[in-house]
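What the coordinates show
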Amino acid sequence: GNSVTQMEGPVTLSEEAFLTINCTYTATGYPSLFWYVQYPGEGLQLLLKATKADDKGSNKGFEATYRKETTSFHLEKGSVQVSDSAVYFCALPLSGGYNKLIFGAGTRLAVHP
Amino acid sequence: NAGVTQTPKFQVLKTGQSMTLQCAQDMNHNSMYWYRQDPGMGLRLIYYSASEGTTDKGEVPNGYNVSRLNKREFSLRLESAAPSQTSVYFCASSPWTGGGGELFFGEGSRLTVL
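This section reports on the structure supplied with the text. (Residues numbered from 1 in each chain as written. Chains lettered and ligands numbered in written order. Predicted model: local features only at pLDDT ≥ 70, side-chain atom pairs only at ≥ 80, totals over all residues. Heavy atoms only, no water.)

Turning next to the overall build of chain B. Of the regular secondary structure elements, chain B holds zero helices and eleven strands. In chain B, the succession of α and β elements from N to C terminus is β-β-β-β-β-β-β-β-β-β-β. Relative to a compact globule of 114 residues, whose C-alpha radius of gyration would be 13 Å, chain B shows 13 Å and is just as compact. Seen through its principal axes, chain B has C-alpha atoms that stretch 35 × 25 × 25 Å. Taken across its 114 residues, chain B has 46% of its residues classed as buried. Taking as baseline every contact in chain B between residues at least 6 positions apart, the subset at least 24 positions apart corresponds to 53%. Here chain B displays about 5,200 Å² of accessible surface, and carbon together with sulfur accounts for 48% of that area. Each charge sign in chain B was given a centre, from 10 positive and 9 negative side chains, and these centres are 6 Å apart. (Helix = DSSP H or I, 4+ residues; strand = E, 2+ residues; numbered from the N terminus. Rg over C-alpha atoms; globule rule 2.2 N^0.38 Å. Buried < 20%, exposed > 50% of the residue type's maximum accessible area, 1.4 Å probe, protein only. Contact = heavy atoms within 4.5 Å. Areas by Shrake-Rupley, 256 points an atom, 1.4 Å probe, with all protein chains shown as cover. Lys, Arg positive; Asp, Glu negative; His and termini not counted. Charge placed at Lys NZ, Arg CZ, Asp CG, Glu CD.)

Written out as structure tokens, the structure is:
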């Protein structure tokens, strides 16, 4: 079945630093790929998604490119802010449809002024 | 502007006690889901309901039961709680039943089983 492996954290950065969080996946076919973000005390919310190979998803300055050759979907941001401190989850559909998602273990990001 | 609402937000149980986590969504979504979140393991799907009147098992269903009461509500029941069920539980909903759609999450319910 489908699976996802995500870079372990925590990641600690200074404000305005460059961020990369690695995500690799195993899947049948080319499913949609997602990044979700969880701010402290809240539920998860969709950050960005890519629905086919070579697509780039983007939102709030974050980007991720669906790379089928390396089965990766790494999350990047050129200049992080303190407000980006959160836990980030890579996700893709479980096999069997019905919009079930499987999530990576999450990467905690802490950004300091 | 409620979205997905979960109750209670916090609960402490003793081993063997039962309880029900309630979830309601006001977005007229077809699909609803229960996940649990444990440190270092991300979120794991417990049960889901693709539409009103249907439910099915996810990755970790043992020890849980669910009820899709109507289109809005999807409850999760622990019949005999165990310490291994200490976790944060998230309910989610989606307007899509096929793959590739977004999930909308509630704020979570933190359960501790002593």
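A separate point is the state of the cysteines. Inspection of every chain in the model, using the stated rule, returns two disulfides over all chains. Linked covalently through their sulfurs, Cys23(A) and Cys90(A) form a disulfide whose S-S length is 1.9 Å. Where Cys23(A) bonds to Cys90(A) through sulfur, the torsion about that S-S bond is close to -65°, and the disulfide is left-handed. Highlighted residues: Cys23(A) in strand 4 (residues 23–26) and Cys90(A) in strand 10 (residues 86–93), separated in sequence by 67 residues. Cys90(A) matches Cys23(A) in its accessibility class, with the two residues each being buried. Each sulfur of the disulfide joining Cys23(B) and Cys91(B) lies 1.9 Å from the other. Disulfide Cys23(B)-Cys91(B): torsion about the S-S bond near -75°, hence left-handed. Within this pair, whereas Cys23(B) is found in strand 3 (residues 19–25), its partner Cys91(B) is found in strand 9 (residues 87–94), the two being separated by 68 residues in sequence. Here the two residues Cys23(B) and Cys91(B) agree in accessibility, since each one is buried. (Disulfide = S-S within 2.5 Å.)

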